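So the chains spell out like this:
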Amino acid sequence: MTSIFDQFEQASQISQKAAPVTEPMTSSGYINMQMDDNTPMFSKQKMNFNPSDYITHVAVASDYLVLAMANGKLFRLDLKMPDQNEEIHYAKFVQPNTKLSNIFLDPLGHHLLLAFSARNKDGNPELVYLHRARSKLKSVSKSRNYEVTEVGWNYENKSSSTTGPILLGTSHGHLLETELEADNEKMFAGSQQYWRQIFDIGKGADTPITGIQFHRVNNTTKYFIFVTTPTRLYQFIGHAVFTDNKPSLQTIFHAYLTIPETGFQEIPSTLKYSRLQFYFDKNNTPKTFAWLTEPGIFYGQLDPTSQQNSNSLFTQGELINYPPEKTDTKDKTPDKTEVSERTPLAFVLTEFHAILMFSDKVKAVSLLNQELVYQDTYSEAHGKLKNIVKDPVRRTIWAVTDKAVFRYKVIREERNVWRIYSDKEEFDLAKEYCHNNPAYIDIINVKQAELLFSKGDYEKSAEIFADTQSSFETVCLKFLEVDQVNALKVYLSRRLDALNEDDKTLISMIVIWMTELYLSQLGFLRRTGKEDTQEFHQIQSDFEVFLLQPKVVKCMQHVKSVIYDLMSSHGDKQNLIKLTIINEDYENVIEQNIYKKSYLEALKILQGLQRPDLFYQFAPMLMEKTPKHTVNALISQGPRLIPSKLLPAFLACENDEEHVSEIIRYLEFMLQNFNVKDKAIHNYLLTLYAEKNEPALMRYLSRQGQDLAMINFDVHYALRLCREKGLSEACVKLSALLGLWEAAVELALDVDVSLAKSVASLPEETEMQRRLWLSIAEHVITKNQDLKEAMSLLEECPLIKIEDILPFFSDVVTIDHFREPICQSLQEYNTQIEDLKAEMEDATKSAECVRAEIQSFRNRSVIVSVTDACCLCEITLLLRPFYLFPCGHRFHSDCLLAEIQPILGAARRNKLSDLQRQLSVLSNIELSTPTSNGLPLREVLKNEIDDIVASECIFCGEYMIACIDKPFIADEDWDRVMKEWE
């Protein structure tokens, strides 16, 4: 049950908790989190057991507590079983003229050493060993001449029966190496004890060793050793010799025996004692050390691996001063007794604090900023504090007074480390100990950014400000006040990256502001003649990268009109065009150029964009204002433009010769170079020709040819248009193209006889040509009665004869004028008669040959042997009905039918199937019925089947010729055949 004194102490402990005084740190207030942990960092609890006498010494390890009391007894307690304790009377095992000076317990809690010093000259110092499982103490015989003041335990030892190699320090500065075994009785009484002196620090002087620590370096054979005296800290490092997996530490000191002055750290002190403590990380590796001296605690980071020909095994060594005592007395010079009272009697080391023990109080000092963070005053009811120790394995902390034992609990001692590192301007370490607490991180970032700002590193400051919750307006004003535009851009850019896409208003504001900043910088450099400098190009490059950011591109869809106005106000046409390209908003710039009558600039932009849809959109305005340059731009686009989509632009401006000529120039270019076949384009071009240029129209019609299927314009529309325009020659060509030969010749005779003659020669039908030539002859003869011209017609067209044109002459013309043509005509008739007679004789001879051949086939026979086989199935031919061909090939009827059926045409195959179906379906009576030619129906059907199947030999006829490119092995049989050949 807790006493009234304990309750008072617990209350005073909370009230006396020292709060560190630091510079107030604030953030913007956006983060709503608890900033301080109200749980006490250090708290104590009194153990619920009472020793039988005053406590003089204490040791604890692995939850095993040993107390030495003034009545000469040892109190042993396993903290895991607090109800089971044991008391051993140690005084009866030692000499009467000695007193207990200290007790030492190994990290495992199995091996206890009790060091005794002589009370007077008659006594001798002694070292006594007690195992955890024993109740009998044993004296270490070879220790009689040494007063042991410190023990350096072997932290790698895992055995409960032996201590492993350990180091002992004496009151005269001797270092001893030994190993104690619990079950070896000879070791304690005989001369076989492993015991040797390996170094002498005092060199004969009264120099007590107050601390020993030795540890292995990264599982190598190298060890480092720390040894302290009241005024000096010695460091040793070297390789140990291993025997049976146990190190011999003596070899480490060999290199130091020849050195006149071994390397040490000295701090003057009037005290007769000092203390050495190590802090171990989670892997039980020594990380830091602390040495308690009179001026303060010497603290440093252990780093034995980086020791390169140096006497120091630690880094960042510093002296931590003891916290001052609060007193109401006036300032005065302290005497020696007061100085010793201000020096701790003992201490323990944690990761970030040193817990100091005075005679009546316990204080905790931060190792980072040396500030007092905790103070606990003890009541006189418990007596004076004797010692404060730390369990090296369980890491628990124990404080012992004359009458009680207290346990200290350390809860999240790192909670304020971030703040301390921040005050020391070590911001990376501060963030590391924030444990991702956003409120703490924000405070650190604000402080770091402010520091960088004060040092003039504005851009780095802007980067960090962007990660804080500081007021947006405040930060921007800070940079504007010092005219740091680049830093402001960095801040805005980082804030923009951090925004969510839903923050459309803030994104729009930042995008517009940053655009204004870039444009202002570029405009200033242009005005000062620095457009070709590296600075200008860098800002321009950064601006282009900014415009291409996804968030900016998306934002531009909503604020592009504002951005366009900004760029226009700055006169930055180049970036305006680039932005329109990024936004695919080309209409705006082109419309502005047209509005400013900068037509050539608009055309230049159009040509650079290569967007057909924009050409179609702006072509009407541009064609009207500058037809020549517009057509040049259209021609430069080539096949990318569809001419028919430009027709509205052309139709809107065909009001003068200049526009029409440019339109024709473009259409002719497209037809000649890209073979445009669009009928609308051809009709439009033909219309322009018909209205403005008849020679060009005739050349166009000639190029189109006489094949109606190859004509690209509407011939009927063209004929109607030419008739309206009175273009007779064109009407002649078009009528001829439509096959209206009589109308074409009739129109041609009104224009030119030679034109009519050329038209009359075009028809492919001989009779049509003859009629057309007769029309020409009639026109010529009836109009002029010119015999020479009539005779020339007979020479030009052999299809008409003299007798055809005689009726066209008048009755007064005499026959003498036609004597020669008539005689020539008669001669031609005689020649034709003779040719017909010759042809008749040849036909008669051929008929006689055929009759003779037929007669010979009637008398021809072929002998079929019983060994003959079908040429397809290679089975004996006579077994089934068969076909025999004059070439000698023979086939079974069913084999030939199967072979010939796939190659028959669809009609013959259907007919064959129908004939076979009739043979199988009709009854015998129906099949025996005579037909009109007297043969039974069965015979007629079979003859028709024979005509289809056996019309020719499949090996000698046309079928074999048609199969010349057919593979010998079908595709579906290829794999099977290949496997057979393997």
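Cut-offs applied
Residues numbered from 1 in each chain as written. Predicted model: local features only at pLDDT ≥ 70, side-chain atom pairs only at ≥ 80, totals over all residues. Heavy atoms only, no water. UniProt positions renumbered as here; feature names shortened; annotations may be inferred. Helix = DSSP H or I, 4+ residues; strand = E, 2+ residues; numbered from the N terminus. Buried < 20%, exposed > 50% of the residue type's maximum accessible area, 1.4 Å probe, protein only. Contact = heavy atoms within 4.5 Å. Areas by Shrake-Rupley, 256 points an atom, 1.4 Å probe, with all protein chains shown as cover. 1 Å grid on protein atoms, 1.4 Å probe; cavity = no way out; pocket = protein on both sides within 12 Å on 5 of 7 lines; lining within 4 Å. Points joined across faces, edges and corners; volume = space filled by probe spheres on them. Nonpolar A, V, L, I, M, F, W, Y, C, P; charged D, E, K, R; others polar. Polar contact = N/O pair within 3.5 Å; in protein donor to acceptor, adjacent residues only side chain to side chain. Patch = residues over 30% accessible without salt bridge, like charges linked within 9 Å, V, L, I, M, F, W, Y side chains within 5 Å. Salt bridge = Lys/Arg side-chain N within 4 Å of Asp/Glu carboxyl O. pLDDT = per-residue confidence, 0-100. Phe/Tyr/Trp six-rings, centres within 6.5 Å; stacked < 30°, edge-to-face > 60°. Lys NZ or Arg CZ within 6 Å of the ring centre and 35° of its normal. Pairing = 2+ DSSP bridges. Core = buried A, V, L, I, M, F, W, Y, C linked by side-chain atoms within 4.5 Å. Arc of directions from axis to C-beta. Axes fitted to C-alpha atoms, helices over the stretch in contact; angles between N-to-C directions. Lys, Arg positive; Asp, Glu negative; His and termini not counted. Charge placed at Lys NZ, Arg CZ, Asp CG, Glu CD.

If you look the protein up in an unreviewed UniProt entry, it shows as Vacuolar protein sorting-associated protein 18 homolog from Parnassius apollo. Quoted verbatim from the Subcellular location (unreviewed entry) heading of the UniProt record, the comment on the protein is "Late endosome membrane". The protein has a UniProt comment under Sequence similarities (unreviewed entry) that states "Belongs to the VPS18 family."

A. Molecular detail of the overall build of the protein. What the protein contains, in helices and strands, is 36 helices and 32 strands. Put simply, the protein has 982 residues, and 43% of those count as buried. Here the analysis covers contacts within the protein between residues at least 6 apart in sequence; of these, 51% occur between residues at least 24 apart. Of the accessible surface of the protein, which amounts to about 53100 Å², a share of 50% is contributed by carbon and sulfur atoms.

B. Fine view of empty space enclosed by the protein. Tallying each qualifying case throughout the model produces three cavities of 30 Å³ or more. Reported here for the largest cavity is a volume of approximately 40 Å³. Lining the largest cavity are Leu 701, Gly 705, Gln 706, Phe 713, Lys 733, Leu 734 and Leu 737. A per-element tally of the lining of the largest cavity places helix α24 (residues 728-737) first, with three residues. Residue composition of the lining of the largest cavity, by class: four nonpolar, two polar and one charged.

C. Focus on the environment of Ser 269. Along the chain, the position of Ser 269 falls in the loop between β19 (264-266) and β20 (275-280). Each C-alpha atom, one on Ser 269 and one on Thr 231, is 5.7 Å from the other, the two residues being 38 residues apart in sequence. Discounting residues that sit within four places of it in the chain, Ser 269 has contacts with Pro 230, Thr 231 and Glu 294. There is a polar contact of 3.3 Å between the side chain of Ser 269 and the side chain of Glu 294.

D. Inspection of a nonpolar patch on the surface at higher detail. A surface patch of nonpolar side chains, amounting to about 410 Å² of accessible area, comprises Val 862, Val 866, Leu 878, Phe 882 and Leu 884. Looking at the element boundaries, Val 862 is found in the loop between α30 (819-858) and β31 (882-884). Note on Val 862: relative accessible area 47%, which makes it partly exposed.

E. Up close: the confidence of the model for the protein. Across the protein, the average pLDDT comes to 83, with 88% of residues at or above 70. Counted against residues more than four places away or in other chains, residues 1-9, with its pLDDT under 50, gives 16 contacts. Low confidence marks residues 328-332, where pLDDT is under 50. Its contacts with residues over four positions away, or in another chain, come to one contact.

F. Structural view of the packing of aromatic side chains. Scanning the model with the defined rule gives 40 aromatic pairs in all. With a centroid separation of 6.0 Å and an interplanar angle of 55°, the aromatic rings of Phe 289 and Phe 298 are classed as tilted. On the basis of relative accessible area, Phe 289 is assigned to the buried category, the value being 0%. According to the relative accessible area criterion, Phe 298 is buried, its value standing at 7%. Aromatic rings pair up to connect Phe 453, Tyr 458, Phe 465, Phe 472, Phe 479, Tyr 491 and Trp 513 into one cluster. Across from the ring centre of Tyr 378, 3.6 Å away, lies the NZ or CZ of Lys 44, which sits over that ring. Lying across the ring of Phe 406, Lys 44 places its NZ or CZ 4.6 Å from the centre.

G. View of the pairing of strand β3 (residues 64-69). In terms of residue burial, β3 counts as a mostly covered element, since six of its six residues are buried. Alternating residues of β3 divide into Tyr 64, Val 66 and Ala 68 and Leu 65, Leu 67 and Met 69, and every residue in both groups is buried. Direction of pairing for strand β2 (residues 55-61) relative to β3: antiparallel, over a ladder of six bridges. Paired with Ala 61 across the bridge in β3 is Tyr 64. Joining the antiparallel neighbours β2 and β3 is a turn of two residues, in which Ser 62 adopts a positive phi near 55°. Direction of pairing for β3 relative to strand β4 (residues 73-78): antiparallel, over a ladder of five bridges. Opposite Ala 68, over in β4, you have Leu 74 as the bridge partner. Hairpin connection of β3 to β4: three residues between the antiparallel strands, including Gly 72 at a positive phi of 80°.

H. Representation of the nonpolar core. With 100 residues, the main nonpolar core has Tyr 491, Ile 590, Phe 650, Tyr 666 and Phe 713 as its most contacted residues. The element best represented in this core is helix α11 (residues 504-527), accounting for nine residues. Not counting residues up to four positions away in its chain, the partners in contact with Tyr 491 are Ala 462, Phe 465, Ala 466, Ser 470, Ser 471, Phe 472, Val 475, Cys 476 and Phe 479.

I. Representation of helix α9 (residues 472-481) in the model. Where α9 is concerned, the buried positions are Phe 472, Val 475, Cys 476, Lys 478 and Phe 479. The buried residues of α9 occupy one face: seen down the axis, they fall within an arc of 155°. In α9, the exposed positions angled more than 90 degrees off the buried face are occupied by Glu 473 and Glu 481. Where α9 is buried, its residues contact α7 (438-455), α8 (458-465), α10 (485-498) and α11.

J. Focus on the packing of helix α17 (residues 612-625) against helix α18 (residues 627-637). It is the contact of α17 with α18, at a shortest axis distance of 7 Å, that shows an interaxial angle of 145°. Facing α17, whose interface residues are Phe 615, Leu 622, Met 623, Glu 624 and Lys 625, α18 presents Pro 627, Thr 630, Val 631, Ala 633, Leu 634 and Gln 637. Split into classes, the residues belonging to the contact of α17 with α18 amount to seven nonpolar, two polar and two charged.

K. View of the sheet that holds strand β28 (residues 385-390). Sheet architecture is open: four strands sit in the order β1-β30-β29-β28, paired in antiparallel fashion. Lying at the two open borders of the sheet, with one neighbouring strand each, are β1 (42-46) and β28. Averaged over all adjacent pairs, the angle separating strand axes in this sheet is 25°, with direction ignored. Pairing analysis gives five bridges linking β28 to strand β29 (residues 397-401), with the strands arranged antiparallel. Of the residues in β29, the one forming a bridge with Leu 385 is Thr 401.

L. Looking closely at the side chain of Gln 448. Relative to the assigned elements, Gln 448 resides in helix α7. Accessibility expressed as a relative area gives 13% for Gln 448, which makes it buried. Residue contacts for Gln 448: discarding those within four places in its chain leaves Phe 427, Lys 431 and Ile 464.

M. Here's a closer look at the pattern of salt bridges. Under the defined criterion, the tally for this structure stands at 27 salt bridges. Measuring nitrogen to oxygen at the nearest pair gives 2.6 Å for the salt bridge that ties Asp 613 to Arg 611. Asp 613 sits in the partly exposed class, given a relative accessible area of 37%. For Arg 611, a relative accessible area of 22% gives the class partly exposed. Salt bridges linked by common partners bring Lys 460, Glu 463, Asp 467 and Arg 494 together as one network.

N. Fine view of a negative patch on the surface. On the surface, Glu 834, Asp 835, Glu 839, Glu 841 and Asp 842 cluster together into a patch of negative charge. Positionally, Glu 841 belongs in helix α30. Owing to a relative accessible area of 52%, Glu 841 belongs among the exposed residues under this scheme.

O. Local environment of the side chain of Thr 350. As for its placement among the helices and strands, Thr 350 is situated in the loop between β24 (346-349) and β25 (353-357). In this structure Thr 350 comes out as buried when scored by relative accessible area, which is 4%. A polar atom in the side chain of Thr 350 sits 2.9 Å from the backbone oxygen of His 353. Polar contacts involving the side chain of Thr 350 include one to the side chain of Glu 413, which spans 2.8 Å. Residues contacting Thr 350, with those up to four places away along its chain left out, are Tyr 279, Ile 355, Leu 367, Lys 390, Ile 397 and Glu 413.

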